[in-house]
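If you want the building blocks of each chain, they are given just below.
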Amino acid sequence: MSSLERADVARLAALARIDMTDEDLDRLGGQLNAIVDSVAKVQEVAGEDVPATSHPIPMSNVHRPDEVRPSLSQDAALSGAPEAEDGRFRVPQILGEEA
Amino acid sequence: MTTMTYEQAMEQFDPVFGIEVHVELNTATKMFCGCANEFGAEPNTQVCPVCLGLPGSMPVTNQKAVESAIRLGLSLGCSIRESSRFARKNYFYPDLAKDYQISQYDEPTCFEGSLDVVLDDGEVVTVGIERAHMEEDAGKNTHKGGTGGIQGADYSLVDYNRGGVPLVEIVTKPITGMGARTAEVARAYVATIRDIVKALGISDGRMEQGSVRADVNLSLRPRAVAGESQDDVPFGKRSETKNVNSLRAIERAIHHEAARQAGLLLAGQPVIQETRHWHEDTGSTTPGRSKEEAEDYRYFPEPDLLPVEPSRAWVEELRGTIPEHPAKMRARLKEEWGFSDTDIRDAVNADALSLIADTVAAGAAPQAARKWWMGELARTANDREVALASLPVTPAQVAELQGLVDAGTINDKLARQALEGVLAGEGSPREVVESRGLEVVSDDSALEAAVDEALAAQPDVLAKIQDGKVQAAGAIVGAVMKATRGQADAGRVREIILQRAGVEG
Amino acid sequence: MGAARDWTRATAAQMAAAMKAGEVTSVELTQAHLDRIAAVDGDVHAFLHVNAEGALATAREVDEARAAGEELPPLAGVPIAVKDVLVTQGMPTTAGSRILEGWEPPYDATVTRKIRENRMPILGKTNMDEFAMGSSTEHSGYGPTRNPWDLERIPGGSGGGSSASLAAWEAPLAIGSDTGGSIRQPASVTGTVGVKPTYGGVSRYGAIALASSLDQLGPCARTVEDAAYLHEVMGGHDPMDATSLDEPVPSCVDAARQGREGDLAGVRVGVIKELSGDGYQAGVEQRFEEGLEKLKALGAEVVEVSCPSFDYALAAYYLILPSEASSNLAKFDSVRFGLRVEKSTVEKTMGATRAEGFGDEVKRRIILGTYALSAGYYDAYYGSAQKVRTLIQRDFAAAFEQADVLVSPTTPTTPFKIGERIDDPLAMYLNDVATIPANLAGIPGMSLPSGIAPEDGLPVGFQILAPAHEDARLYRIGAALEKALHDDWGGALAAQAPELEVAP
Ligand SMILES: [Mg+2]
Ligand SMILES: [Zn+2]
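Since the model is a prediction, treat every value here as computed from it, not as a measurement.

Undergrad: Got a minute to help me understand the overall build of chain A in this structure?
TA: The helix and strand tally for chain A stands at three helices and three strands. Written out in order from the N terminus, the α and β elements of chain A read α-α-β-α-β-β. Rg of the C-alpha trace for chain A: 22 Å, well past the compact-globule value of 13 Å for 99 residues, more than 25% over. Along the three orthogonal principal directions, the C-alpha set of chain A runs to about 55 × 45 × 25 Å. Expressed as a percentage of the 99 residues in chain A, the buried residues total 42%. Roughly 5000 Å² of accessible area belongs to chain A as shown, and the carbon and sulfur atoms make up 47% of that amount.

Take a look at the structure:
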């Protein structure tokens, strides 16, 4: 089984948008490898002939009628916003200077 | 890099292209929540815990959107999968409320279709359709500071009203061998999709509002050398130009990208596989994200939603609601009605074709039906700033109106007044004619009295007529029409005048 | 009115009956619990937020309605504690995470709405492992909850706040959520009752998602009958949750009543071979065996069943859960709600916010899930885990051919000491080895107390599992066993817990 290198953990952390210090990478990296080693055993029994189950109770075709329900007020929608302006959620620049 | 024209590029290289069209459905509500699906509301007023991605909220699929997607798929000749499902496409972006998009991935509802596209000269090109799948739209970012674009902005503001609006994404197979007609085929393909979604009634098809948006993929490969088949030449690296949102822009974007890529290739430089932004003002593209590391979307089946398993009976029922292919319908109607190319094109552009068809079906002659919808009614719709179809008059009423004209009950001028009454909600054309008293005066004795009165008032005109200047009768006709408030049959009035003057008509 | 009775020691059913009989008011009940919280929660730390005014307001309304002769729902006026995983309008909701500190949701979860419609005073929001990731409540962003049986020990997790509030007599009923055992394992280690309904039996709308295909809300109580009442309040179809079962709420209360009559003749009880032996504490096995003897004495037939794929359940679970969680927790991005650590760009702001707002266990699982779903690894990890899920469902299907219910100890051990396994995630994960298969298969499960382990004096839980949609069976068998045990003990097990020190 492939083990997670430090660089892999750094790449995954970036993909998951979690900043990590060198110390974080060392500590989590070690723990993650132990976990990955122990969970890899699922492959032992996951044969081609075994279908995947993604939903525990088989159901299908659950749809809702195309009928309007009340929305939140703008105030309620923005009530948890760390920062808002002109009825919108405000965020720092999307592209950095280097872009 | 070498500067090339589009034509030069297409001579030297074999273009391969593909188009992804996103169609915004005109359902009453969003894809996964009950918020209104309407364009132009105050920011963040058409949002709820679901489309704002608040903790704890859960999506539920809109039945109408599923139905629309299946109908669109059937119109594109697609197979409908017995069991399809939604997946999550994971990536972080501020306009994506949950930081994943619910889309369809490995099991789209509609797959493997084909669409005949008619070019301007009548040539038909068959475009292969890989899939048509359902997904949700993202919210809208507004950039503040700098030039208003994303680059150089100080900060951005997010409105999630559009977040969760239902989309169907239609993906073509790679289209090859079109040469210099590539841009034209691309435009015609998107125009055809637009016509189909309008005919299905599943989208307003307004490209300027983003209801139909296209991403254009293009790559160039060397022309096959002698003894080699073009099919054996591998595809080149492609660019994907995002959000090309008008038919003209599609052509322009292909022209630009073909020339740009050819320039690079001839200069021995590589084409980078990347997404590019389209700039309407300059007619050019620029690279998207600076990071070239391919995004890893970590697709997996959406656990909050269940498989879509349309029964065969339901699919067949939906198939029964598919209208005739717009291009076919146009060709047929042109033939049946004896319209010119211009007549048909104008009617299509005004969204009047089906209204005219319904009016004809209700008994009016095609040209008369066309005249009403493309004339008086088009002007009214324009003045009122509403769609033709939403005017308060039905094709059956227009046919009834024309019937009254044909029967001589009213003339054209009275018919316009009657129509005005219908549009004002005064009732059917017949009711308006009656209540407004618009009927043509057909009682000869009343007309004779009016003619006598007019001739008496203008003896000089009578003299001229008797002198043989028959055209002078026009003045008397005018006076009689005025006296009868337009309700006289002008032809009959003229006959009476000539009789009274003792001249043969 | 009689002499001062300590109403906090009553069952929910007794409280409801007493209110009906005019022996006590909802305000008195609610105040008694608020007083108890004030007295002991400094040590136990079961609550993240106490909703004193709101609870009393609901209680007053119920009392007035009752006085006016209004028809009221069965549990009207009975106070309840709500796990902080449920969104509650007008009360903060954090899911135990610093990233949501101070967030007041603009909407109610479906279960929250049902509690309000049933006019139950909400005492407050209970502590939990951050985003329900854990088996000890040590991973709460707001400090651990302590087990009322021994304040040095864990109260289970993730619903340690709910289970501890029951064991500490701070609330008669509580809401839990169970993704891999987070209702049953805390019930086991605190000597209380907890039920995970069939997947979809209770709406998940408004429950902050951990792993969507595993999560299920359920009732926590001190008796099987109380859990049955709460189950019926919580359950039922919800059009806001596509995975919600469109079928009637199971008749849990009737089933519990039937069970108490004590006749289990014709009932086949299957003992799962794989959930015993290595790693199972002697006192746990002893009490489990005694439970089996009780069931036999009531007329049940006990058989052994084998579920060989259970050996892979833990591994499958620790792939499916982190994968789904990594996606579910993406929305905590500093844009619309919650913490923001502002940096120069959105991307950097997201990275810094999530680094500061999430604890280590959450980060570990997000990274693991991100890995399991990433290009090139999906089939090996997530895909394979979903296949194991199929195998486990097949094992259950075969076992339920032989038995009407399946049983096992709920947890291999009694509660461990706080801090003991905090740096050893794999050891921590073993807590859930017996509870996880039910979540993978979507079937219902219950844990009820089966006694005290002789070696450490700590409570032991007995797990009952039933086929999907057969939740009522849990209540019938559970109530029968409970009655037999209570007859021996002279009342509920919780009464045997040492008295907590009461703050002045
Ligand atoms: Mg897409
Ligand atoms: Zn919404």
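Undergrad: In this structure, what is going on with the overall build of chain B? I would like to understand it.
TA: Scanning chain B from terminus to terminus reveals 17 helices and 16 strands. By principal-axis analysis of the C-alpha atoms, chain B measures approximately 95 × 60 × 55 Å. Sorting the 505 residues of chain B into buried and exposed places 52% on the buried side. If you sum the accessible surface of chain B, you get close to 21800 Å²; carbon and sulfur atoms cover 48% of it. Of the side-chain charges in chain B, 53 are positive and 77 negative, and the distance between the mean point of each set is 2 Å.

Undergrad: I keep staring at the sheet that holds strand S2 (residues 84-85) of chain A and nothing clicks. Help me out?
TA: Sheet strands associate in pairs through backbone hydrogen bonding, adopting either a parallel or an antiparallel arrangement. Taken in spatial order, the four strands of this open sheet run S2(A)-S3(A)-S9(B)-S8(B), and their pairing is antiparallel. On the outer flanks of this sheet lie S2 of chain A together with strand S8 (140-144) of chain B, each paired with one strand and no other. Relative to strand S9 (residues 155-159) of chain B, S8(B) is paired through five bridges, and the arrangement is antiparallel. When the bridges of S9(B) are listed, Lys140(B) appears paired with Asp159(B).

Undergrad: Even after reading the chapter, I still don't get the pattern of salt bridges, so can you show me in this structure?
TA: Once the charged atoms of two side chains with opposite charge are near each other, the side chains can pair. Enumeration over the complete set of coordinates arrives at 66 salt bridges over all chains. Taking the shortest distance from any N to any O, the salt bridge between Asp304(B) and Arg88(B) comes out at 3.3 Å. One end of the pair, Asp304(B), is in the loop between strand S16 (300-301) and helix H5 (312-319); the other, Arg88(B), is in strand S4 (residues 87-90), with 216 residues separating them in the sequence. Comparing Asp304(B) with Arg88(B) shows no difference in burial state: the two are buried. Of the charged contacts, one joins Asp84(C) and Lys125(C) as a salt bridge, the two residues approaching to 2.9 Å between their closest N and O atoms. Here the residue Asp84(C) occupies a position in the loop between strand S2 (80-83) and helix H4 (110-117), and Lys125(C) occupies one in strand S3 (residues 122-126), the gap between them amounting to 41 residues. Both residues of the pair, Asp84(C) and Lys125(C), count as buried. A single network of salt bridges, built from pairs that share partners, joins Glu83(A), Glu85(A), Arg90(A), Arg340(C) and Glu342(C).

Undergrad: Is there a simple way to think about the coordination of the zinc ion (ligand 2) in this case?
TA: For a metal with four tetrahedral donors the ideal donor-metal-donor angle is 109.5 degrees, whereas six octahedral donors ideally subtend 90 or 180 degrees. Residues and elements named next belong to chain B. Protein-derived coordination of the zinc ion (ligand 2) comes from Cys-33 (SG), Cys-35 (SG), Cys-48 (SG) and Cys-51 (SG), at a distance range of 2.3 to 2.4 Å. Here the donor residues for the zinc ion (ligand 2) map to a single chain with the spacing C-x1-C-x12-C-x2-C. Here Cys-35, found in the loop between strand S1 (13-24) and strand S2 (61-62), pairs with Cys-51, found in the loop between S1 and S2; they are 16 residues apart in sequence, far enough to count as distant.

Undergrad: Please explain the pairing of strand S11 (residues 459-465) of chain C as it appears in this structure.
TA: Two faces, one strand: in a regular strand the side chains alternate between the faces of the sheet. Residues and elements named next belong to chain C. Within S11, seven of the seven residues are buried, which leaves it mostly tucked inside the rest of the structure. Of the two faces of S11, both are covered, the one formed by Pro-459, Gly-461, Gln-463 and Leu-465 as well as the one formed by Val-460, Phe-462 and Ile-464. The sheet contact formed by strand S9 (residues 405-409) and S11 spans four bridges and is antiparallel. Directly across from Ser-408, in S11, lies its bridge partner Gln-463. Hairpin connection of strand S10 (residues 445-452) to S11: six residues between the antiparallel strands, including Gly-457 at a positive phi of 70 degrees.

Undergrad: Would you mind going over the packing of aromatic side chains with me for this structure?
TA: Two measures describe an aromatic ring pair: the distance that separates the ring centres and the angle between the ring planes. Overall, the coordinates contain 21 aromatic pairs over all chains when judged by the stated rule. With centroids separated by 6.2 Å and ring planes inclined at 15 degrees, the aromatic side chains of Tyr377(C) and Tyr381(C) adopt a geometry described as stacked. Tyr377(C) gets classed as partly exposed once you look at its relative accessible area, which sits at 28%. For Tyr381(C), a relative accessible area of 1% puts it in the buried group. The ring of Phe111(B) has Arg81(B) lying over it, and the distance from NZ or CZ to the ring centre is 4.5 Å.

Quick notes on the rules
- All residue numbers refer to position in the chain's written sequence, counted from 1.
- Numbering of ligands from 1 and lettering of chains from A proceed in the order in which they are written.
- Where totals are concerned, whole chains, interfaces and linings use all residues; where local detail is concerned, this predicted model gives features only for residues with pLDDT of at least 70, and gives and counts side-chain atom pairs only at 80 or more.
- Side-chain metrics in this entry use all non-hydrogen atoms of the structure; hydrogen atoms and water are not considered.
- What counts as a helix is a DSSP run of H or I of at least four residues, what counts as a strand is a run of E of at least two, and both are numbered from the N terminus.
- With C-alpha atoms as the basis for the radius of gyration, the globule rule is written as 2.2 Å multiplied by the number of residues raised to the power 0.38.
- Partly exposed residues are those whose accessible area sits between 20% and 50% of the maximum for their type, while under 20% is buried and over 50% is exposed, using a 1.4 Å probe and protein chains only.
- Only the protein chains shown count as covering a residue, and every accessible area follows the Shrake-Rupley method with a 1.4 Å probe.
- Two residue types count as positive, namely Lys and Arg, and two as negative, namely Asp and Glu; His and chain ends fall outside the count.
- For charged residues, the charge sits on one atom: NZ in Lys, CZ in Arg, CG in Asp, CD in Glu.
- Strands qualify as paired when DSSP identifies two bridges or more between them.
- Throughout this description, the term salt bridge denotes a Lys or Arg side-chain nitrogen within 4 Å of a carboxyl oxygen of Asp or Glu.
- Each metal site lists N, O and S donors within 2.8 Å (3.2 Å for Na, K and Ca). With water left out of the atoms, a site can look as if it is missing ligands.
- Each aromatic pair joins two rings of Phe, Tyr and Trp (for Trp, the six-membered one) with centres within 6.5 Å, and gets the label stacked for planes under 30 degrees apart, edge-to-face for over 60, and tilted for any other angle.
- Whether a charge sits over a ring depends on NZ of Lys or CZ of Arg being within 6 Å of the ring centre and within 35 degrees of the ring normal.

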